[in-house]
Structures are given as structure tokens and as C-alpha cells.
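Remarks on the overall topology
Letter by letter, the chains look like this.
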Amino acid sequence: MTTQHQVLPDAALERARWTASGPAWDRWSDPMADMADRLNLPLLDACGVMPGEAVLDLASGAGEPALSAAKRVGPGGSVHGVDLVEAMLAGAVRRASAFDGPPPRFTVGDMTALPFADGQFDRVTCRFGIMFVPDTRACLAETVRVLRPHGKAAFMVWGPLADNTLFRELDQAVTEILGPDPTNALAPLFRFDQPGTLARLMEESGLRNVSEQSLRPTARVPLEKPFWRASLDMAFAPRISAAPADIRERLDAAVTAHFAALSVEGICALHLHAMIVSGERG
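Position numbers for residues count from 1 along each chain, tracking the sequence in the order it is written. Residues qualify for local features only when their pLDDT is at least 70, as the model is predicted, and side-chain atom pairs are given and counted only at 80 or more; totals for whole chains, interfaces and linings, by contrast, use all residues. Where side-chain values are given, they derive from all heavy atoms of the structure, hydrogens and water being excluded.

Counting its regular elements, the chain contains ten helices and nine strands. With the radius of gyration taken over C-alpha atoms, the globule rule is written as 2.2 Å times the number of residues to the power 0.38. Its C-alpha radius of gyration of 18 Å places the chain within 12% of the 19 Å reference for a compact globule of 282 residues. Categorising residues by exposure relies on relative accessible area from a 1.4 Å probe, with only protein chains included: less than 20% of the type maximum marks a residue as buried, more than 50% marks it as exposed, and the intermediate range marks it as partly exposed. With 282 residues in all, the chain has 53% of them scored as buried. A total accessible area of about 12500 Å² is found for the chain, and carbon and sulfur atoms account for 54% of it. For this count, His and the chain ends are skipped, Lys and Arg are scored as positive, and Asp and Glu as negative. A single reference atom marks each charge: NZ on Lys, CZ on Arg, CG on Asp, CD on Glu. For the chain, the centre of its 27 positive side-chain charges and the centre of its 34 negative side-chain charges are spaced 3 Å apart. Runs of H or I in DSSP of at least four residues are treated as helices and runs of E of at least two as strands, each being numbered from the N terminus. Surface accessibility in these figures is a Shrake-Rupley result with a 1.4 Å probe; residues are shielded only by whichever protein chains are displayed.

Structure representation (C-alpha cells):
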């Protein structure tokens, strides 16, 4: 897999990627909500989100973790989510309309030019979004700008592809059926997969007390259930959304075969490696 030193996201390609992916993220947002919270809550903890605070969530997508943050800050706080394209926020807006309590507000916006005032937020969160920003330094500068003094930011990124069973096997299966991806669209997911890479950039941006923690849970899932369907549809949407039915059938068979080879007595162990990097504004 190409590392962060070799691949930088292209702005136009990223807009196209997320516009194509939006419907899949909306479609899977409700079925995946409980699983999403297993990642949302450690991120909110690392960021120190408390009741009554003002939170900005970057790259909110279908509302994660903005909706979880809104539950935590309660009626005395506020949550504002931004994402690069309207298609990605469609699910977030839909889900917020049924939220029990003051819902998050969602805005289309660029993480490198945020439409907010200086010092507007106590906390800034971002779950699996900063890897896709072409200009990371500009994003971090904006994060520092909108934070209040002593406010805190926390970013969740993926660890190495080899440590993430689901992405690794899906990537291999898609490549087998569709061939190599000329855009290398999966590479940005692992742009900050090495410890210290994002932390150094955060320190250079002026954030203090930068710390890093790893999350390495393992889920054991029955092979008979298509547990991989959501990740395939969301992460690979630009490549597979227009694939004809016969290609999709071959792809499904290839994915099933990959996970069957890893299973023991019908159970597949899915290892996950994510990192949370957090820092404070002085």
C-alpha cells in the first residue's frame, strides 16, 4: 500500500469520490450506528467533550460522530458538523431531523477554509476525515483558529492496511475482479498510518500536549452474514457503483471466498487498528 509520503489526495478527485459515495453512506448509516458508536465514544473521550460545550465535527459524513457528540453536550451545548460535499451530508441532515433533543447543525464546508469565527468552539473532532484533505497544514491551522484558548482537537485515523482485516481483504478482492485502481483511491485512508506522522504535523500547527493512542479491537463475526457489505459499498463506491450485475456477483463471490479462507468453524476474526491523535490550543 502506498504511504502518506507517496500519495496526496487530489481535491477534484476527492469531491468526485465523496459525491459518488454519499448515497451509500446514507443507506448504511442507520444499520451501522451501533458499531459506529464504538469508535465515536473513544474519540469524544480523547477530545474531552463535556456537557454544555460547543463542538465542531469535521468531515461529518452521515453524522458521525456529530450525533453522538450532540447527545453528550446536551441542551446546554451545541454541535456543528461540516463536510466537503452536500451528498455526504444528506444522511446527516435526515438523521438529525429525528434526533431526540437539540440536533447538530450541518454545513457544506472546506476543512481548509472553515466558515466559522475565531475561537468559536471548545472542541474539534474528526473521525477518518483528515487523511483525505490535500493540505493538512491548512486544515490544522483552521482547527487551531476556530478553537478557543485551551480548547482541544482529536482526529481518528486508520493504522496500517495490514492491521485492518476488512479493508485488506476487500481491497484484494476488488483488485482481483476489477483490476488495479488507476486512481489508487484507497491509499489516502492510510496516509497517517505510521505512529507520530499526524502528531508531528499537529505540533507544528501550534497544538500542545499532543498525544496518540491506538485502538485495536477484534470482532468475531459469522461468515454466513455479509458483514462486509457496508464497507464494500462505502469505501469502494466510486469503483463499484456502476458495475453491471454480473460483475457485482463475481465481486461478491470473491469477497466471500477471501473471508472464508480466514474463517475457523464459520467464524471470521476481523482485526481493526485505528489511532486517535489529540492536542490542545495554548
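Here the focus is helix α1 (residues 11-29). The reported bend at a residue is simply the angle between two axes, fitted to the 7 residues ending at it and to the 7 residues beginning with it. Of all bends in α1, the biggest is about 40°, found at S21, and the proline P23 comes one to four residues later. Those residues of α1 that sit buried are E14, R17, W18, S21, G22, A24, W28 and S29. Tucked into the core, α1 has its buried residues touching α2 (33-47), α4 (86-96), α8 (229-235) and α9 (237-240). Between two residues, a contact is recorded if the distance between any of their heavy atoms is within 4.5 Å.

Moving on: the packing of aromatic side chains. Under the pairing criterion, centres of Phe, Tyr and Trp rings, with the six-membered ring standing for Trp, must be within 6.5 Å; the plane angle then separates stacked pairs below 30 degrees from edge-to-face pairs above 60, leaving the rest tilted. For the structure shown, the criterion picks out five aromatic pairs. Between F167 and F190 the ring centres are 6.1 Å apart and the planes differ by 80°, which places this aromatic pair in the edge-to-face class. Note that F167 is positioned in helix α6 (residues 165-178) and F190 in the loop between α6 and α7 (197-204), a separation of 23 residues in sequence. Here F167 matches F190 in class, with each residue buried.

The subject of this paragraph is the pattern of salt bridges. For salt bridges, the criterion is a side-chain nitrogen of Lys or Arg within 4 Å of an Asp or Glu carboxyl oxygen. The tally for this structure, following the rule as stated, stands at 15 salt bridges. Where R168 meets E169, a salt bridge forms, and the shortest distance between an N and an O atom there is 2.8 Å. When the shortest N-O distance is used, the salt bridge between R248 and D233 registers 3.4 Å. Pair noted here: R248 is in helix α10 (residues 245-262) and D233 is in helix α8, with a separation of 15 residues, a long-range link.

Attention shifts here to the packing of helix α5 (residues 136-146) against α7. Interaxial distance between α5 and α7 falls to 9 Å at its minimum, and their mutual angle equals 55°. As judged from the angle between their axes, α5 and α7 are oblique. Relative to α7, the crossing made by α5 is right-handed. Across the interface between the two elements, T136, R137 and L140 from α5 touch L198, L201, M202 and E204 from α7. Axes here refer to lines fitted to C-alpha atoms; in helices the fit is confined to the stretch in contact. Angles between the N-to-C directions go from 0 to 180 degrees. To sort the angles, those under 35 degrees are grouped as roughly parallel, those over 145 as roughly antiparallel, those from 65 to 115 as roughly perpendicular, and the leftovers as oblique. A clockwise turn of the near helix away from the far one marks a right-handed crossing, whereas an anticlockwise turn of less than a right angle marks a left-handed crossing.

On to the sheet that holds strand β6 (residues 208-215), then. Pairing within the open sheet is mixed, and its seven strands lie in the order β3-β2-β1-β4-β5-β9-β6. Among the strands making up the open sheet, the edge pair consists of β3 (105-108) and β6. Neighbour to neighbour, the strand axes of the sheet diverge by 15° on average, direction disregarded. Taken strand by strand, α5 contacts β1 (54-58), β4 (121-127) and β5 (147-158), and its axis lies near 145° from that of β5. Following DSSP output, two strands are said to pair if at least two bridges run between them.

Secondary-structure assignment places D193 in the loop between α6 and α7. We note that D193 is buried and unpaired, the nearest opposite charge coming from R200 at a distance of 9.5 Å.

This next bit is on the side chain of D83. Within the secondary structure, D83 is located in strand β2 (residues 78-83). Buried charge without a partner: D83 forms no salt bridge, and the closest opposite charge is R15, 8.7 Å away. Identification of polar contacts relies on pairs of N or O atoms within 3.5 Å, with a donor-acceptor requirement for protein atoms, meaning one able to donate a hydrogen and the other able to accept it, and with residues adjacent in sequence counted only if both atoms are side-chain atoms. There is a polar contact of 3.4 Å between the side chain of D83 and the backbone nitrogen of S60. Residue contacts for D83: discarding those within four places in its chain leaves A59, S60, G61, M88, L89, T107, V108 and G109.

Function cannot be inferred from these measures alone, as they are strictly geometric.
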